[in-house]
Structure formats: structure tokens, C-alpha cells
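Close look at the chain arrangement
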Amino acid sequence: RMFKPALALGALAFVSLPAFADGWKALPILHDPGYRMEPTLAVSLARVDPTDGGAVTAYGLDFNFNCLLLQDPQGRMRTHLNLSRSDEKGVDVTGYELSPRYTIPLEGGLSVGIGPSLAVFDVATARADKNLLGIGVAAGVNYRMGMLYLGADVRYHETGSRGGVDYDHFTIAAKVGVNF
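Residues numbered from 1 in each chain as written. Predicted model: local features only at pLDDT ≥ 70, side-chain atom pairs only at ≥ 80, totals over all residues. Heavy atoms only, no water.

When helices and strands are counted, the chain shows two helices and twelve strands. Along the chain, helices (α) and strands (β) appear in the sequence α-β-α-β-β-β-β-β-β-β-β-β-β-β when read from the amino end. For the chain, long-range pairs separated by at least 24 residues make up 55% of all intrachain contacts whose partners lie at least 6 apart in sequence. Here the chain displays about 9600 Å² of accessible surface, and carbon together with sulfur accounts for 68% of that area. (Helix = DSSP H or I, 4+ residues; strand = E, 2+ residues; numbered from the N terminus. Contact = heavy atoms within 4.5 Å. Areas by Shrake-Rupley, 256 points an atom, 1.4 Å probe, with all protein chains shown as cover.)

Further remarks concern the pattern of salt bridges. On inspection of all chains with the given rule, the structure shows eight salt bridges. A salt bridge links R36 to E38; the nearest nitrogen and oxygen atoms lie 2.5 Å apart. Overall, the relative accessible area of 56% leaves R36 in the exposed class. Under the relative-accessibility criterion, E38 is labelled partly exposed at 34%. The salt bridge involving K175 is made with D62; its shortest N-O contact spans 3.5 Å. (Salt bridge = Lys/Arg side-chain N within 4 Å of Asp/Glu carboxyl O. Buried < 20%, exposed > 50% of the residue type's maximum accessible area, 1.4 Å probe, protein only.)

What follows covers the pairing of strand β8 (residues 129-145). Relative to β8, strand β7 (residues 110-124) runs antiparallel, the two being bridged by 15 bridges. Residue pairing in the sheet places V112 in a bridge with V141 of β8. Between the antiparallel neighbours β7 and β8 lie four residues. Connecting β8 to the next strand, strand β9 (residues 148-158), in antiparallel fashion are two residues, including G146 with a positive phi near 60°. (Pairing = 2+ DSSP bridges.)

Turning our eyes to something else, we now look at the environment of V91. Here V91 shows up in strand β6 (residues 91-105). Sequence separation of V91 and A126 is 35 residues, and the distance between their C-alpha atoms is 7.5 Å. When near neighbours in sequence (up to four residues on either side) are disregarded, V91 contacts S86, V123, A124 and T125.

With 13 residues, the main nonpolar core has V48, F121, V123 and Y167 as its most contacted residues. Mapped by element, the contributors of at least two residues to this core are β2 (40-50), β3 (56-66) and β7. With three residues, the top contributor of residues to this core is β7. Setting aside residues no more than four positions away along its own chain, Y167 makes contact with V48, P50, S86, V93, F121, V123, L132, H157, T159 and G160. (Core = buried A, V, L, I, M, F, W, Y, C linked by side-chain atoms within 4.5 Å.)

So, on to the packing of aromatic side chains. In this structure the tally under the stated criterion is two aromatic pairs. When the ring of F63 is compared with that of F65, the centres are 5.1 Å apart and the planes differ by 45°; the resulting orientation is tilted. Residue classification places F63 among the partly exposed positions, given a relative accessible area of 29%. For F65, a relative accessible area of 5% corresponds to the buried category. Centroid distance F121 to Y167: 5.4 Å. Interplanar angle 55°. Geometry classified as tilted. Of this pair, F121 sits in strand β7 while Y167 sits in the loop between β11 (165-166) and β12 (169-179), and the two are 46 residues apart along the sequence. (Phe/Tyr/Trp six-rings, centres within 6.5 Å; stacked < 30°, edge-to-face > 60°.)

Turning our attention to the sheet that holds β9. By way of backbone hydrogen bonds, the strands of a sheet pair with one another, either parallel or antiparallel. Spatially, β2-β3-β5-β6-β7-β8-β9-β12 is the arrangement adopted by the eight strands of the closed barrel, whose pairing is antiparallel. Averaged over all adjacent pairs, the angle separating strand axes in this sheet is 25°, with direction ignored. As judged from the eleven bridges shared by β6 and β7, these two strands associate in the antiparallel manner. By the bridge assignment, L98 is partnered in β7 with L118. (Axes fitted to C-alpha atoms, helices over the stretch in contact; angles between N-to-C directions.)

Residue class for Y167 comes out buried when judged on its relative accessible area of 5%. Separated by 74 residues in the primary sequence, Y167 and V93 place their C-alpha atoms 9.2 Å from one another.

Structure, rendered in C-alpha cells:
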């Protein structure tokens, strides 16, 4: 079980190392007059596969934007905030996820990104109702053309167990939305 948190922390360190390079900006929203948020709001549909139970369907919102706290010289850091809900098989889950990602542009409006993910999951079962802290890694592909946004994510979170409730899980999500 220790391999999964180590993997997530390793991904966090890997993504954070370039922050020490020249040209990176701390708090660009405050210190960079050229900073643009370029927000996107999307609805999402996901397959969530908990390690201790069968897969469920989740729906939610994804709000992503150019990172407010840290920006690389090319402006490739994007933060994703996800709110999701599922209520199947006697388990009701509300998830709040924060995932800053280093994004690499490809051709034709496509980009790919990867980064750490921190989350809080409110998990209610017949036995208990617990808030679980999750740590993980997220990767995604995005398509932006004008106002159209399409995306797909793969995320893994490990929460450990609290009061007999565990919500380690793997998620695959599709998103459609609007660029502002």
C-alpha cells in the first residue's frame, strides 16, 4: 500500500522540480501584468472504480485556468478544480479535487497535462459518513478551439481508511465545456 502514496509524491516532486529554474513566476496573478486566467468551465461524466467495490458513474464540474500561484516561462501550468458526485451501490460520494498540471501544447488546439492531485471525499455508506483526504496523480488531454472545450482525464487517488471507510479509486472522465 505504500507504493501508491510514494508514486503520487514522486509525481509531485517531478512536476515541482522545474519551479527552481529561471523564468518561473511565483504568484503571477499579483506580479505579472501579462497574466491571463483563461478559464474553462466544463461538465464531466466519469467512471470511478474504487478498489474495494464495483465501478460507479459520477458527474460533476471541472473549472480549469492558468495557475494563479506558480507559472513556468511558457505559461503551461494549469489548475483543475473538480467537483463530482456519485450515489450508487449504497455509497454516496462528493469529491473536491485540486490538480495543478504541467501542460504541453500539441498541434491543432490539443494539449496534454500531468500533475499531482489533492482531494477531499465525503463518503457516506450505511455504516458511516467520513471525510477522507486523497492524494494522487492526474493526467489529461484537452482540446480548445474558440469557445469549445473537450477533455479527458485519468486520475488515481489513495485515501487510506478512516473508521472502516476507504475510497482509494481510479477515475476516467470525459468533459465538455466552454472557454472564456
